[in-house]
Amino acid sequence: MKKSILIIDDQPDMLFMLRRVLGDDFEVIEKTDGASALSWLAEGNKPDMIISDLTMPSMNGIEFLRLVRQMPLNRYTPLVIVSAQSDIRLKLKAFEVGANEYIVKPVHPNELLMRVRNIFNLIEPKKE
């Protein structure tokens, strides 16, 4: 069974790229804003990973991250920020509220795929 990844980004081209890069190896669930993603999570859904942009309508990524970390079911779900914002203060704030990884756009598709795989390998090392 494929691991699931919830992707939140309001840019259709970014959603397309993420779905294309990750869709062969993972089940991809797409949301275009933090509020709809939170609603989906609040319904009891638990993806194996969350990838979120920071700049989104209705709720910024930091607030989304803070609220996800308050949800018992998703408190420890790996969360990756993929953002065009490279300001170190923003990166540190994301890590402070619970991001596991922060990738600056534009991201190379192979780099993203390797980082996602590496996070999953840390959680569940492959059996030799």
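Higher on the page you've got the structure.
A few points on the structure.

## Regarding the nonpolar core
- By size, the foremost hydrophobic cluster in this structure holds 23 residues, and its most contacted members are L6, L41, I50 and F64.
- The set of elements that each furnish at least two residues to this core consists of β1 (4–8), α2 (34–42), α3 (61–69), β4 (79–83) and α4 (88–97).
- The contacts of L6, once residues within four sequence positions are left out, are I29, K31, A37, W40, L41, P47, M49, I50 and I51.
- I7, M17, F26 and I119 belong to the second largest nonpolar core, which has 20 residues in total.

## Some thoughts on the environment of V68
- Within the fold, V68 resides in helix α3.
- Along the backbone, V68 and A84 are 16 residues apart, and their C-alpha atoms lie at a distance of 21 Å.
- Excluding residues that lie within four positions of it along the chain, V68 makes contacts with L38, L41, I50, N74, R75 and L79.

## Remarks on α4
- For α4, every residue scored as buried is listed here: L90, A94 and V97. Projected down its long axis, α4 shows its buried positions confined to an angular sector of 75°, all on one face. Across α4 from its buried face, at more than 90 degrees, point the exposed residues I88, R89 and E96.
- For α4, the side-chain oxygen to backbone nitrogen distance between the N-cap and R89 is 2.8 Å, and the N-cap itself is D87.
- Downstream of α4 by one or two residues, G98 has phi in the positive range, about 125°.

## A closer look at unusual backbone geometry
- Backbone torsion omega between K105 and P106 reads -5°, so that peptide bond is classified as cis.
- Relative to the elements of secondary structure, P106 occurs in the loop between β5 (101–104) and α5 (109–123).
- In this structure, S58 takes a positive phi of about 75° despite not being glycine.
- Along the polypeptide, S58 turns up in the loop between β3 (49–52) and α3.

## Side note on the packing of aromatic side chains
- As enumerated under the stated definition, the model contains 2 aromatic pairs in all.
- Ring centres of F95 and Y102 lie 6.5 Å apart, and the angle between their planes is 55°; this geometry places the pair in the tilted category.
- Given a relative accessible area of 7%, Y102 falls into the buried group.
- The cationic tip of K3 hangs over the ring face of F120; the distance from NZ or CZ to the ring centre is 5.4 Å.

## Some remarks on a nonpolar patch on the surface
- On the surface, a cluster of nonpolar side chains totalling about 300 Å² of accessible area is made up of I88, L92 and F95.
- Structurally, L92 is set in helix α4.

## Some thoughts on the sheet that holds β1
- Read across the open sheet, the 5 strands follow the order β2-β1-β3-β4-β5; overall the sheet is parallel. The open sheet terminates on both sides in strands that have one partner only, identified here as β2 (27–31) and β5. Shown here is a sheet whose adjacent strand axes are inclined to one another by a mean of 20°, direction ignored.
- Pairing geometry for β3 and β4, over 3 bridges, is parallel.

Parameters and conventions
- Residues numbered from 1 in each chain as written.
- Predicted model: local features only at pLDDT ≥ 70, side-chain atom pairs only at ≥ 80, totals over all residues.
- Heavy atoms only, no water.
- Core = buried A, V, L, I, M, F, W, Y, C linked by side-chain atoms within 4.5 Å.
- Buried < 20%, exposed > 50% of the residue type's maximum accessible area, 1.4 Å probe, protein only.
- Helix = DSSP H or I, 4+ residues; strand = E, 2+ residues; numbered from the N terminus.
- Contact = heavy atoms within 4.5 Å.
- Arc of directions from axis to C-beta.
- Polar contact = N/O pair within 3.5 Å; in protein donor to acceptor, adjacent residues only side chain to side chain.
- Phe/Tyr/Trp six-rings, centres within 6.5 Å; stacked < 30°, edge-to-face > 60°.
- Lys NZ or Arg CZ within 6 Å of the ring centre and 35° of its normal.
- Patch = residues over 30% accessible without salt bridge, like charges linked within 9 Å, V, L, I, M, F, W, Y side chains within 5 Å.
- Areas by Shrake-Rupley, 256 points an atom, 1.4 Å probe, with all protein chains shown as cover.
- Salt bridge = Lys/Arg side-chain N within 4 Å of Asp/Glu carboxyl O.
- Pairing = 2+ DSSP bridges.
- Axes fitted to C-alpha atoms, helices over the stretch in contact; angles between N-to-C directions.

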